[in-house]
Amino acid sequence: MNNWDKIAGMKREEQKKMQDKKLREFISGRLYPFSPYYRALFDKHKIKPEKIKTVKDLACVPFTSKTDFLPTKENPKVSRDFILQPSEELIKKYCGKPELLKLAAIKILKGKQYLEHRLTKEYRPLSLTLTTGTTNMPVSFFYSYHDIEALKAAGYRMMEVFGAKGYNKAVNLFPYAPHLAFWQVFFGGIQHEDFVLSTGGGKVMTTPNNVEAIMKIAPSFVIGEPSFVYHVIRYAHDNKKDFSFLKKVVLGANMVPPGFKRKIASLLSNMGAADVNILGTYGFTEAKYAWGECPTLIDVSSGYHTYPDMEIFEVIDPSTGRVLDEGEDGELVYTSINGRGSCVFRYRTGDLVKGGIIYAPCPHCGRTVPRISSNISRASNIKDMMLSK
């Protein structure tokens, strides 16, 4: 998961071959054998795992949505059915021959106890984050050791996309909570070997104390939720603080329009911070990590740089479910090909993206990974606005 330079420079055809291979291995060796929810879904619709050979074959798999996580009378703990739950019985019954041979070799060479320890370390839930519950009740998503390593890798990749070369100092203003944003920055800083002070946001430290912490650390990065970051910078500006050390402001948890970026850049320019990059991120709890923009001019977004070895994104027509072509507007659908713990497959995010997914190399940084247009809105928000209107 740490071979980012190689992944970020792959040609599109190489990426497609890699994704097809990882998709086949994930379905036959992880998802179908160990996910109670998806094994039942595949069986209900008579989908044989071996029939899914390429990304295009995903079209035969029904979508998953937020409502599928909600408890029912029949299954009050349905969200736990999304956790991969291996056992010796399931391995023997469902895993493909290559996976069985690999596990048998480990068992012979290193013993049954070692194999059990390896499976426990790879799959057992160690932590969780929660959805915010803005559209429904909060849902828990569980992380194994493998998932935490993936979260670290995603954080490292984001820092590289942001243009963080060498040793960096950052202040993390996200609130301390079991939410993705805080932990993505925390673990990403560790993996990238940067110094990160996590203040916990305004409820843990007051706005004046957050500003003083920034002044003492003199970071090149400030990272946080847009409205609170703006509030902190505005307070510092009004109190005539010198932020000339700041090079990049990274904003997450909400969409960041160009006008908002300009407002922050204008304040920072008055505080001695010239040519600051204001960068947006995109992430959601169900994916268990996030993606970021690379540095550009304030009014230009490079799009969110994705990780094709860890996931597959599709854009669909929200009304018909038809998969759309590159650059077309539609709803984002996410499929994990690397997860453990809680895993989602063909998950409808509810996020509408104008400009869809771009596969051409990024004109700003040259990376060849698929990029999601930053013009994203929530389908639920649009419905709410229509009802209100």
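It should be emphasised that the depicted structure is a prediction, and the values quoted were computed from it without experimental measurement. (Residues numbered from 1 in each chain as written. Predicted model: local features only at pLDDT ≥ 70, side-chain atom pairs only at ≥ 80, totals over all residues. Heavy atoms only, no water.)

*Asks:* Would you mind going over the pattern of salt bridges with me for this structure?
*Replies:* Applying the stated criterion across every chain, the model contains 15 salt bridges. Residue K288 is joined to D147 by a salt bridge in which the shortest nitrogen-to-oxygen separation is 3.1 Å. Here D147 lies in helix 7 (residues 145–161) and K288 lies in the loop between strand 7 (277–284) and strand 8 (289–292), a separation of 141 residues in the sequence. With respect to burial, K288 and D147 carry one shared label: buried. The network of salt bridges with shared partners includes R30, E122 and R340. (Salt bridge = Lys/Arg side-chain N within 4 Å of Asp/Glu carboxyl O. Helix = DSSP H or I, 4+ residues; strand = E, 2+ residues; numbered from the N terminus. Buried < 20%, exposed > 50% of the residue type's maximum accessible area, 1.4 Å probe, protein only.)

*Asks:* When you look at the nonpolar core in this model, what are you seeing that I'm missing?
*Replies:* With 76 residues, the main nonpolar core has F42, W291, L332, F345 and I372 as its most contacted residues. Excluding residues that lie within four positions of it along the chain, F345 makes contacts with L23, F26, I27, L31, Y38, F42, L58, V61, T64, Y334, T335 and S336. Ranked by size, the runner-up nonpolar core spans 27 residues in total, among them I217, A236, L246 and F260. (Core = buried A, V, L, I, M, F, W, Y, C linked by side-chain atoms within 4.5 Å. Contact = heavy atoms within 4.5 Å.)

*Asks:* Got a minute to help me understand the sheet that holds strand 11 (residues 330–336) in this structure?
*Replies:* Hydrogen bonds along the backbone pair up the strands of a sheet, which may run parallel or antiparallel. Strand order in the open sheet formed by four strands is 10-11-12-15, with antiparallel pairing between adjacent strands. If you trace the sheet from one side to the other, it starts and ends with strand 10 (311–316) and strand 15 (376–378), each paired once. Strand-to-strand twist of the sheet, defined as the mean angle between neighbouring strand axes without regard to direction, takes the value 40 degrees. Where strand 11 meets strand 12 (residues 347–353), four bridges bridge the pair, whose relative direction is antiparallel. Note that in strand 12 the partner of G330 across the bridge is V353. (Pairing = 2+ DSSP bridges. Axes fitted to C-alpha atoms, helices over the stretch in contact; angles between N-to-C directions.)

*Asks:* How should I be thinking about helix 2 (residues 12–34) in this particular structure?
*Replies:* Three or four residues apart is the spacing at which side chains of an α-helix point the same way, because the helix has 3.6 residues per turn. Between its terminal C-alpha atoms helix 2 stretches 31 Å, which fits the 33 Å expected from 23 residues at 1.5 Å a residue. Along helix 2, the sharpest change in direction is near 45 degrees and occurs at I27. (Expected span 1.5 Å × (residues − 1). Bend = angle between axes of the 7 residues up to and from the residue.)

*Asks:* How should helix 8 (residues 180–192) be read in this particular structure?
*Replies:* A rise of 1.5 Å per residue sets the reference length of helix 8, with its 13 residues, at 18 Å; its end C-alpha atoms lie 18 Å apart and thus fit the reference within 8%. For helix 8, every residue scored as buried is listed here: L180, F182, Q184, V185, F187, G188, G189 and H192. Remark: E193 follows helix 8 within two positions and exhibits a positive phi of approximately 60 degrees.

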